[in-house]
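Descriptive analysis of the structure
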Amino acid sequence: MGIKNSTTTFAQSWGSTQGRLVRVEVLVLFSALIWILVELFGSRRRRQSHGFFRFFMWVVYTLFTVLGPYTIGLLQDGPFRDQTFVLWGTILLLIQVSADSLSVYSIHDIEQRKRVFVQHMLQITLVLWLIIPQDFNHETMQGYKYIFHGEEQVASLLPTAPEYRVEFKEVSMTKFTTIDSVWQWIESQRNLSKEAKETVKDIALSFSLFKLLKRRLCGYQIGEAGLSKTLDFVLHGLISGKGNYARAFGIIEMELAFLYDFLYTRFDTESAYKVPAFFYVVVTVTVWNFISGAFSKHYHRSNLEQRVHGTDVAHWVTIVLLIVVLSLNVFPRTLLDTRWGVVDDLHTHEPPTWIRREAKKSWQRALGQYSLLLNFDYQPWNVLTVLSLGLVDATREGQKAGKRIMLTDELIERVLSGFKERNGQLQDGQSALARNQLGNQFSWACTLPTHTHKILVWHIGTTIAMDGHPVPPTGNHRVAKTLSDYCAYLVAFVPDMLPGHGYDNQRIFDAVVMEARESRCEKLVMAVLPSDSRCTILELGGRLGRELRGVVPEEQRWKVLADFWAEFILFLAPSSNVEIHTEKLAAGGEFMTHLWALLTHAGILERPSTTDGAGGNNGAPARDLPV
């Protein structure tokens, strides 16, 4: 009876006028807390891939979507009236339209933005290469007519007969600007230091590249694919010298940060940096009118007084809300969105007032790692999957990720320098073996049924070859180990990012895990392969590991493996599955996505059908190996 009476008393008090007021106050403060979490941690999704963090942010975004409208509904429907409540409602509406409040957590959520998205894509349909015969200079961007600003002016023109194409000569050059003219203007600014000019140029270039990359999101034709001019832009422009590899990667990182903002925040227009400022001025004036009434002794109050130890609760709720509004709208904009400010200044031809390089802070810069031979026996509990009723995906057998490894400039240089040395040709690792005079000996491990076969065989072989040898912090040994475990991580955790269908890749991984459990991997080093060549991936990996250990000297072994993986990972990068790359932008980002974007700007959209370059130019369609 006691419990029943307590329940009845609680229900009565909860439904009373006083109880409803308390409920409104709690929800208003809780909405402000959720807003703080979204503003502080929303952009960190680009730099954090931990499962608990992602689940926490999913919960926050879900609550953010419903709390504001629900609380405003309670304010409107309640039996109490107070001018302070008008102020609360205004702040809640402000929260709903804040820059980072867009309630999009995964790529599937973006479907609701399809109309706006298509409008944006129509505006950039003509961001294609402006083919005008002239000289090209990779250092000054002369001749590279990537549109920086004003594409809506071009998109408003109708195509003309007989080919029904838009003639760019009909457009006044004052209506839109291209990256070459922006770079020329930046170079002419005497009040900017050399370092500041380079930083602003990089931001401008990343913004133009971001506009180009957006075309792949809607399946638009990439008109510059396969052109030598496009490949030269990457080979002799972005990665022209030894010191440029890290800089080139930083430009790609910033470009993907722009793409993240376009997809997952409200910073998706060229005037996004100044529109909120104008909006906040209007809101501030409105709020001040409410404040002048809310804190006046003569404003209209309801007969409902609510005081705790003599303190007016409504006033303190208002003060807390105002502090939150001022804190989140005065400070973070200057700290988090400098690149948007630089872009906006360049639109109006104003020298940027504050410049700082933030490329290395844009993404997590960590590579996922997975070792099949160490984790094949892992059996997950999946308690969270059961408790969340399936909202959290179940972890599969053997799917235990290792500690993430920070992406170093050494690794970036190793991958990109090889691409430059091969003159932009994608190779599947066989040329790396040939350069080390081992092509004939290990060619059997490069002619396997699928790319997933090859990744796992070489990963197992690499693991066995390195067994018993401590991995140093730098050098060939570290590069080979990191890239091998990263490719295995993609097979285990992001199979859609690899060639072939993601489901097939996942099934192959599951089968190899079961094979490893049955054979107990201790037998791999001594195993004798069947004579009929019907070998499992595990057996082939064991053979490769034995041959690497028994024939190749140690120092050469690390170099061969580092060369192989640096070449092979670029070969795997081209993909038409844009969705998986955009989805991973909100999960800390992937190194493979950065390589995919870089190859797109080099005009390489698909991997060649042959590995010796005989399959035609890199922009031509190619087929994946059968799966």
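All values reported here derive from a predicted model rather than from experimental measurement.

**Focus on the overall build of the chain**
Helix and strand content of the chain: 26 helices and six strands. Buried positions account for 52% of the 627 residues belonging to the chain. Put simply, the chain shows about 29,400 Å² of open surface, and 58% of that area lies on carbon and sulfur atoms.

**Some thoughts on the pattern of salt bridges**
Close approach of charged atoms lets side chains of opposite charge pair. As enumerated under the stated definition, the model contains 18 salt bridges in all. Across the salt bridge formed by D261 and R339, the nearest N and O atoms sit 2.7 Å from each other. Here R339 lies in helix α14 (residues 338-347) and D261 lies in helix α10 (residues 244-264), a separation of 78 residues in the sequence. For the pair formed by D261 and R339, the shared burial category is buried. Between R517 and D377 there is a salt bridge; the shortest N-O distance is 3.8 Å.

**Considering helix α24 (residues 554-572)**
Taking 1.5 Å as the rise per residue, α24 with 19 residues should run 27 Å; its terminal C-alpha atoms sit 27 Å apart, in good agreement. Counting buried residues in α24 gives 15 out of 19 residues, a clear majority hidden from the surface.

**A few points about the pairing of strand β5 (residues 366-369)**
In summary, the side chains of a regular strand alternate between the two faces of the sheet. Of the two faces of β5, the one lined by A366 and G368 and the one lined by L367 and Q369 are each fully buried. Summarising the sheet, β5 and strand β6 (residues 402-406) pair through three bridges and their orientation is antiparallel. Directly across from Q369, in β6, lies its bridge partner G402.

**Observations concerning the confidence of the model for the chain**
With 64% of its residues at a pLDDT of 70 or more, the chain shows a mean pLDDT of 76. Highest mean pLDDT in the chain belongs to helix α21 (residues 476-493) (97); lowest belongs to helix α5 (residues 114-123) (45). Ignoring residues within four places in sequence, the model shows residues 111-132, a span with pLDDT below 50, making 51 contacts including any to other chains. Low pLDDT, under 50, characterises residues 332-336; the stretch is placed with 14 contacts to residues that sit more than four places away or in other chains.

**Points about the packing of helix α8 (residues 194-217) against α14**
Taken N-terminus to C-terminus, the directions of α8 and α14 make an angle of 90°; their axes are 10 Å apart at the nearest point. One finds that α8 runs roughly perpendicular with respect to α14. Residue-level contacts link V200, I203, A204 and F207 of α8 to R339, W340, V342, V343, L346 and H347 of α14. In the contact of α8 with α14, the residues fall into eight nonpolar, one polar and one charged.

**Some thoughts on helix α22 (residues 502-519)**
Spanning 18 residues, α22 covers 26 Å between terminal C-alpha atoms, matching the ideal 26 Å at 1.5 Å per step. Of the residues making up α22, those classed as buried are G502, N505, I508, F509, D510, V512, V513, A516 and R517. On the buried face of α22, the contacting elements are α15 (372-375), α20 (451-466), α21 and α23 (537-551).

**Observations concerning unusual backbone geometry**
The backbone of N382 shows a phi angle near 60°, a positive value even though the residue is not glycine. Note that N382 resides in the loop between α15 and α16 (383-387). In this structure N382 comes out as partly exposed when scored by relative accessible area, which is 22%. Within the chain, Q437 stands out as a residue other than glycine whose phi angle is a positive 55°.

**Regarding the environment of S193**
Examined against the element boundaries, S193 turns out to sit in the loop between α7 (179-187) and α8. The exposure class of S193 is partly exposed, given its relative accessible area of 43%. A distance of 3.2 Å separates a polar side-chain atom of S193 from the backbone nitrogen of A196.

**Examining the side chain of H581**
Within the element layout of this structure, H581 appears in helix α25 (residues 578-584). Given a relative accessible area of 1%, H581 falls into the buried group. Ignoring sequence-local partners within four residues, the contact set of H581 consists of M497, S575, M592, T593 and W596.

**Some words on the environment of V513**
Mapped onto the secondary structure, V513 falls in helix α22. Note on V513: relative accessible area 0%, which makes it buried. Measuring from C-alpha to C-alpha, the distance between V513 and G398 comes to 6.3 Å, with 115 residues separating the pair along the chain. Apart from the residues lying within four places of it in its own chain, the contact partners of V513 are Y370, L372, F376, E397 and G398.

Reading the values: the criteria
Residues numbered from 1 in each chain as written. Predicted model: local features only at pLDDT ≥ 70, side-chain atom pairs only at ≥ 80, totals over all residues. Heavy atoms only, no water. Helix = DSSP H or I, 4+ residues; strand = E, 2+ residues; numbered from the N terminus. Buried < 20%, exposed > 50% of the residue type's maximum accessible area, 1.4 Å probe, protein only. Areas by Shrake-Rupley, 256 points an atom, 1.4 Å probe, with all protein chains shown as cover. Salt bridge = Lys/Arg side-chain N within 4 Å of Asp/Glu carboxyl O. Expected span 1.5 Å × (residues − 1). Pairing = 2+ DSSP bridges. pLDDT = per-residue confidence, 0-100. Contact = heavy atoms within 4.5 Å. Axes fitted to C-alpha atoms, helices over the stretch in contact; angles between N-to-C directions. Parallel < 35°, antiparallel > 145°, perpendicular 65-115°, else oblique. Nonpolar A, V, L, I, M, F, W, Y, C, P; charged D, E, K, R; others polar. Polar contact = N/O pair within 3.5 Å; in protein donor to acceptor, adjacent residues only side chain to side chain.

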